[in-house]
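Topology and contacts: notes
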Amino acid sequence: KKYNISVIKGDGIGPEIIDEAIKVLDTVAGACDFTLEYKEYLMGGIAIDETGVPLPDETVTGVLASDACLFGAIGGEKWDTLPRELRPETGLLNFREKMGVYANLRPAIVYDELLNASTLKPEVIKGCDIMVVRELIGGIYFGKPRENDGQKAFNTMVYTKDEIIRIGKQAFEFAMKRDKRVCSVDKANVLEVSQLWRDTMEEVAKDYPEVELSHMYVDNAAMQLVRNPKQFDVIVTGNIFGDILSDTASMVVGSIGLLPSASTGDKTAIYEPIHGSAPDIAGQGIANPIATIESAAMMLRYSLGEEKAADMISNAIKNVLKDGYRTKDLAAYDAKEVVTTAEMGDIIAN
Ligand code: NAI
Ligand code: MG
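As recorded in an unreviewed UniProt entry, the protein goes by the name 3-isopropylmalate dehydrogenase, listed as coming from Malaciobacter pacificus. Recorded under Pathway (unreviewed entry), the UniProt text for the protein is reproduced unchanged: "Amino-acid biosynthesis; L-leucine biosynthesis; L-leucine from 3-methyl-2-oxobutanoate: step 3/4." Checking UniProt for the protein, the heading Sequence similarities (unreviewed entry) contains the comment "Belongs to the isocitrate and isopropylmalate dehydrogenases family. LeuB type 1 subfamily."

Below is the structure:
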């Protein structure tokens, strides 16, 4: 079998971490008898420098024609003074919208080997395994009208029933493969949109009788994630609540360099670490590639159906952490040996 993978390395540590993910992907492909063919596309600051725009048309067409997209990160100080429509981050938002990736999946899995890397107590987080399913291309970030005239400003929170159904289905499908519990997060006590959200989730739940659906207000959910994160299995929520809660959930795990994500919809899915381009450490060979390598595992699992290869990667990461190999960000947590970005890629691949 052969798969076409579009690759966007981007800026800062992007190229460094993507190279390690490709190294590991090629290793498991060899072991599991399939081939990955990569095509590189530009986005972000490097695209601005080389083509004048943050999201060249060629990138959109190329990614749409591929089986899956592996993406590093974009952005950096050099491009921060450009007008908003020309900035790297605008390229990324437009990219997500053009790809129709309405579901952002962010697993927050605590590694037993890194229990003390979190700011929470080890006994609170041990065994924690949460999947946050965030709606990504609707809600208040995209709703119209929006305006700011200098005296008054407003945004609009809109969700249609269809949008809620499609993200709800994603969450319930995940729950079926996990612990069969969905917690839908909203603010139905004060928001109309949330009332529709809650009613619609109840409707979706009827098709999944094995799954237990609960509802939680977002303010309480923020508190519960920090108080007792293990109570959650799948969390499903809208764009702005999911943005905030998935960052909260990431701190339950520890380093930002560990957290992968998938953005999926009806077209090509995008797999990327949750962190940015980390310009402060770019070019030094110290970035943690694990978030990106685990994102590659998600790609094998969800877009290519190569479960075995995906499990090989996830298990290799666990073993490497158990053996005490750490990149610099995790050097303080039971490190037996502190390794570079490329060494970490080699060790995981081996
Ligand atoms: P960031 O996530 O790039 O970095 C935050 C902190 O975490 C930094 O101290 C960095 O060194 C560290 N860090 C991040 N990834 C790491 C890794 N793999 N290993 C070790 N340490 C790591 O966020 P920041 O600094 O707010 O943004 C930097 C640039 O990235 C900005 O231009 C921002 O717009 C962009 N950005 C891009 C994203 C994307 O492409 N998806 C997402 C978030 C930010
Ligand atoms: Mg965010």
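For the rest of this paragraph, the subject is the nonpolar core. For soluble globular proteins, nonpolar side chains are generally found buried alongside one another. Of all hydrophobic cores here, the largest spans 103 residues; its most connected members are Leu70, Val133, Ile235, Tyr271 and Ala296. At 8 residues, helix α10 (residues 290-302) tops the list of elements feeding residues into this core. Mapped onto the domain boundaries, this core takes at least three residues apiece from domain 1 (1-106 + 256-350) and domain 2 (119-253).

You can read the domains of the protein as domain 1 (1-106 + 256-350) and domain 2 (119-253). The partner domain 2 presents 16 residues to the 13 residues of domain 1 that form the contact. Looking at the side of domain 1 that touches domain 2 residue by residue, the classes come out as 8 nonpolar, 2 polar and 3 charged.

We now examine the UniProt feature "binding site: Mg(2+)" (unreviewed entry) in the protein. The UniProt record annotates "binding site: Mg(2+)" (unreviewed entry) at Asp219, Asp243 and Asp247. On the basis of their most widely separated C-alpha atoms, the annotated residues across 29 residues gather in one place, lying no more than 14.3 Å apart. With respect to the helices and strands, Asp219 occurs in helix α8 (residues 218-227). Overall, Asp219 belongs to the exposed group, with 12 C-beta atoms counted inside 10 Å.

A few words now on the UniProt feature "binding site: substrate" (unreviewed entry) in the protein. Per the UniProt record, "binding site: substrate" (unreviewed entry) is found at Arg96, Arg106, Arg134 and Asp219. For this annotated set, covering 124 residues, the C-alpha atoms extend up to 27.4 Å from each other, a dispersed arrangement in space. Structurally, the position occupied by Arg134 is in strand β5 (residues 129-135).

Another aspect to go through is the site of ligand 1. Taken together, 21 residues sit near ligand 1, with Gly75, Gly257, His275, Gly276 and Asn288 positioned nearest. Among the residues forming the shell around ligand 1, the class breakdown is 10 nonpolar, 7 polar and 4 charged.

Before going further, it helps to spend a moment on the sheet that holds β5. Ordered by their spatial adjacency, 10 strands build an open sheet running β2-β1-β3-β12-β11-β4-β5-β10-β8-β9, and the pairing between neighbours is mixed. The sheet is open, and its two borders are formed by β2 (35-40) and β9 (212-217), each paired with just one other strand. Taken pair by pair, the neighbouring strands of this sheet meet at an average axis angle of 25°, ignoring direction. Sheet analysis places strand β8 (residues 181-186) next to β9, joined by 6 bridges and oriented parallel. When the sheet's bridge partners are listed, Cys183 is paired in β9 with Ser214. Against the sheet, helix α1 (residues 14-32) touches β1 (2-10), β2, β3 (68-73) and β12 (270-273), its axis set at about 145° to β3.

This part is about the packing of α1 against helix α12 (residues 341-349). Two elements in contact, α1 and α12, have axes separated by 9 Å at closest approach and are oriented at 15°. By the angle between their axes, α1 is roughly parallel relative to α12. Viewed along their axes, α1 and α12 form a crossing whose handedness is right-handed. Residues Glu16, Ile17, Glu20, Lys23, Val24 and Thr27 of α1 form the contact with α12, whose participating residues are Thr341, Ala342, Met344, Gly345, Ile348 and Ala349.

Conventions we followed
- Residues numbered from 1 in each chain as written.
- Chains lettered and ligands numbered in written order.
- Predicted model: local features only at pLDDT ≥ 70, side-chain atom pairs only at ≥ 80, totals over all residues.
- UniProt positions renumbered as here; feature names shortened; annotations may be inferred.
- Core = buried A, V, L, I, M, F, W, Y, C linked by C-beta atoms within 7 Å.
- Buried ≥ 20, exposed ≤ 12 C-beta atoms within 10 Å, placed from the backbone.
- Helix = DSSP H or I, 4+ residues; strand = E, 2+ residues; numbered from the N terminus.
- Domains from an automatic or database assignment.
- Contact = placed C-beta atoms within 7 Å.
- Nonpolar A, V, L, I, M, F, W, Y, C, P; charged D, E, K, R; others polar.
- Near = placed C-beta within 6 Å.
- Pairing = 2+ DSSP bridges.
- Axes fitted to C-alpha atoms, helices over the stretch in contact; angles between N-to-C directions.
- Parallel < 35°, antiparallel > 145°, perpendicular 65-115°, else oblique.
- Left-handed = near helix turned anticlockwise from the far one by under 90°.

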